[in-house]
Amino acid sequence: MTIQAPETVADGQLFIHGTFVPSASGETREVVNPATEGVICRVAWGSVADLDQAVTAARGAFEDGDWPALTLKQRGRVLLRIADAIEEHAEELARLESLDVGKPISFTRGFDVPSAADLFRYYGGMVEQLEGAARPAGGRSLAYTRREPLGVVGAITPFNFPFNLAVNKIAPALAAGNTFVLKPAEQTPLSALRLAGIMHEAGLPAGVFNVVTGDGATVGARLATHPDVRKLAFTGSTATGKRLAATAADTLKRVTLELGGKGANIVFADADLDAATQWAFQAAFFNTGQFCMSGSRLLVQRPVYDEMVKRMAAQAAAVPVGDPLDPETVLGPLAHRAQLARVVEYVAIARAEGAVLRAGGSAGIEGDADARGYYFQPTVFSDVTPRMRIANEEVFGPVLTITPFDTEDEAVAIANGSPFGLAAGLHTTDLRRAHQIAARLEAGIVWVNSWAMFENTTSFGGYKDSGYGRELGPEGIDEYLQAKTVVVNTE
Ligand code: ADP
């Protein structure tokens, strides 16, 4: 089936104040299909002037208009209608995301799109439960707290989970009563633009949600400096996150940062190795390894080390790599050309450092010399020592390193030896060990005998260089609220 981007995203426009509009300069850029290297469509290339216009629209929608006039019940209902509308457009959105990002269609159908709809439902249901509290107060006074929105929220999202990482911010921010300006990644802006139209059709008032596509260093950076943006929600690289936090300090806007990762996945000798192999594979190769919560470092206790190396290499060699729109595909291409170049470079570094290549190692699709697209074979390195660059730096591609260890203490030391602290995991049949090691790992989420199991009710976020702030769960909406104390003299 031929896939075309829907007209709503293919006509090179931004979404500001409830309508699609061209950028001030009229400039547009190509969006490339990473599986074919063909052009999908063109999107508007916004500027600082466009961003400022979007913030003005969002500020207007926050201060007056239909959004602040809604009762909590009505606001909640808008979010529930958006959830329904996403489901009504589920197949279209899943195909669009696969086309734009190169994600296998089975994943966009099974995870990206349904979990986004569910998240609008989760936070939509929470709107009426955002309680303040009555507080004891001295003398004849009464004190209570209100939980209020912040105002205009700006968000900057990366190329790897464009739909989910946007919705993780949009749903709680709107549930809390804020308005929103999104700057999606340059390479993968299509689902955000389509979502804007869908949300508007579902009844979101004009100006509440705006999308400005364009360059990070100009349009994105303006979100961090704009005095009317009260909070910046960012997912992306640690380097950009640190820069944005420093810039945002000038206007004292709140910042949440979900940054890089180098997740350690620990397999103890007592683990169920069949299950551990499946989870370790998912941990390393889900989304072609372009996943900040990937388990890209597999640490294996020595008695089962050789066996796990063999299993991981066999699994990597057998996985179906290819067309993202084929329902059988498990691994698609990297999302853009520069990402492929980065993976090629890191594989060369690993080889030069003395890591032993057990599977993959090359660009392209094994057995298909004519394949176009930004493919890289799933790659497994063994004999990786904790000091190697390949064991410390985030590759963001289908590259797994395997490192042996002997003791619990050694495993924890290697796992925590990374500057990152986003996700970690462990596999064991010993209950005592599972809880003790989970408590010792420096990561915002720890998966025991699993990996990448997400629930809307459970939050994730960084320790250390992986950032601060949480997404999903009750903690996810706290990031978009501020507390006000009201003290009433009843004398
Ligand atoms: P990645 O490696 O995921 O591309 P980046 O941090 O470079 O990580 O990009 C993530 C998002 O941050 C993208 O939307 C990008 O446009 C944006 N971005 C990049 N540089 C800046 C910057 N200097 N200021 C604001 N946003 C930026």
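All residue numbers refer to position in the chain's written sequence, counted from 1. Since the coordinates come from a predicted model, pLDDT governs what is reported: local features require at least 70, and pairs of side-chain atoms require 80 or more to be given and counted, while whole-chain, interface and lining totals use all residues. Side-chain metrics rest on all non-hydrogen atoms present in the structure, leaving aside hydrogens and water.

A short note on the environment of P398
- Helix numbering and strand numbering both begin at the N terminus, where a helix is a DSSP run of H or I of at least 4 residues and a strand a DSSP run of E of at least 2. Looking at where P398 falls in the secondary structure, it is placed in the loop between β15 (379–382) and β16 (399–405).
- A relative accessible area of 0% means that P398 is categorised as buried.
- Distance in space between the C-alpha atoms of P398 and F268 is 23 Å, their sequence separation being 130 residues.
- The contact definition used throughout considers only heavy atoms, calling two residues in contact when any of these lie within 4.5 Å. In contact with P398, not counting residues within four places along its chain, are F285, T288, G289, L331, L334, V343, F376, Q377, P378 and T379. Between buried and exposed lies partly exposed: a residue is buried under 20% and exposed over 50% of the maximum accessible area for its type, with that area taken using a 1.4 Å probe on protein chains only.

Details of helix α10 (residues 238–248)
- Of all the positions in α10, only T238, G241, L244, A245 and A248 are classed as buried. Projected down its long axis, α10 carries its buried residues within an arc of 125°, all on one side. Turned more than 90 degrees away from the buried face of α10, the exposed residues are R243 and A246.
- Tucked inside the fold, the buried residues of α10 contact β7 (152–156), α9 (216–225), β10 (229–235), β11 (254–258), β17 (420–421) and β22 (467–468). As used here, the arc is the angular range of directions from the helix axis to the C-beta atoms.

Overview of the domain arrangement of the chain
- Note that the domain bounds were set by an automatic or database domain assignment. Under the domain assignment used here, the chain contains domain 1 (7–259 + 467–486) and domain 2 (264–455).
- For domain 1 versus domain 2, the separation of C-alpha centres amounts to 31 Å.
- On the domain 2 side, the residues contacting the 24 residues of domain 1 number 29 residues.
- Summing both partners gives a buried area of about 2300 Å² for domain 1 against domain 2, and 63% of it is carried by carbon and sulfur.
- When residues of domain 1 are sorted by the area they lose upon contact with domain 2, P34, E37 and F159 head the list and together hold 23% of the total.
- Any carboxyl oxygen of Asp or Glu that lies within 4 Å of a side-chain nitrogen of Lys or Arg is treated as forming a salt bridge with it. Where domain 1 packs against domain 2, one counts 2 salt bridges. Two parts placed together each lose some accessible area under a 1.4 Å probe, and the buried area is that loss summed for both.

Some details on the site of the ligand
- For this purpose, a residue is taken to be near a molecule or strand whenever a single non-hydrogen atom of the residue falls within 4 Å of it. The local shell around the ligand holds 19 residues, among which T157, K183, E186, S237 and T240 are the closest.
- Between N or O atoms, a polar contact is any pair within 3.5 Å; within protein, one atom must be a potential hydrogen donor and the other a potential acceptor, and residues adjacent in sequence are included only when both atoms are from side chains. At a separation of 2.7 Å, an oxygen atom of the ligand approaches a polar side-chain atom of K183.
- Contact between the ligand and E186: an oxygen atom at 2.7 Å from a side-chain N or O atom of the residue.
- Across the complex, the protein chains shield 80% of the 540 Å² of accessible surface that the ligand would expose by itself.
- Of all elements in the fold, only α9, β10 and α10 reach the threshold of two or more residues within the shell around the ligand.
- When its residues are assigned to classes, the shell around the ligand shows 9 nonpolar, 7 polar and 3 charged. A 1.4 Å probe and the Shrake-Rupley method give the accessible areas. Residues count as covered only by the protein chains that appear here. Gly counts as polar in this scheme, as do all residues outside two lists: the nonpolar Ala, Val, Leu, Ile, Met, Phe, Trp, Tyr, Cys and Pro, and the charged Asp, Glu, Lys and Arg.

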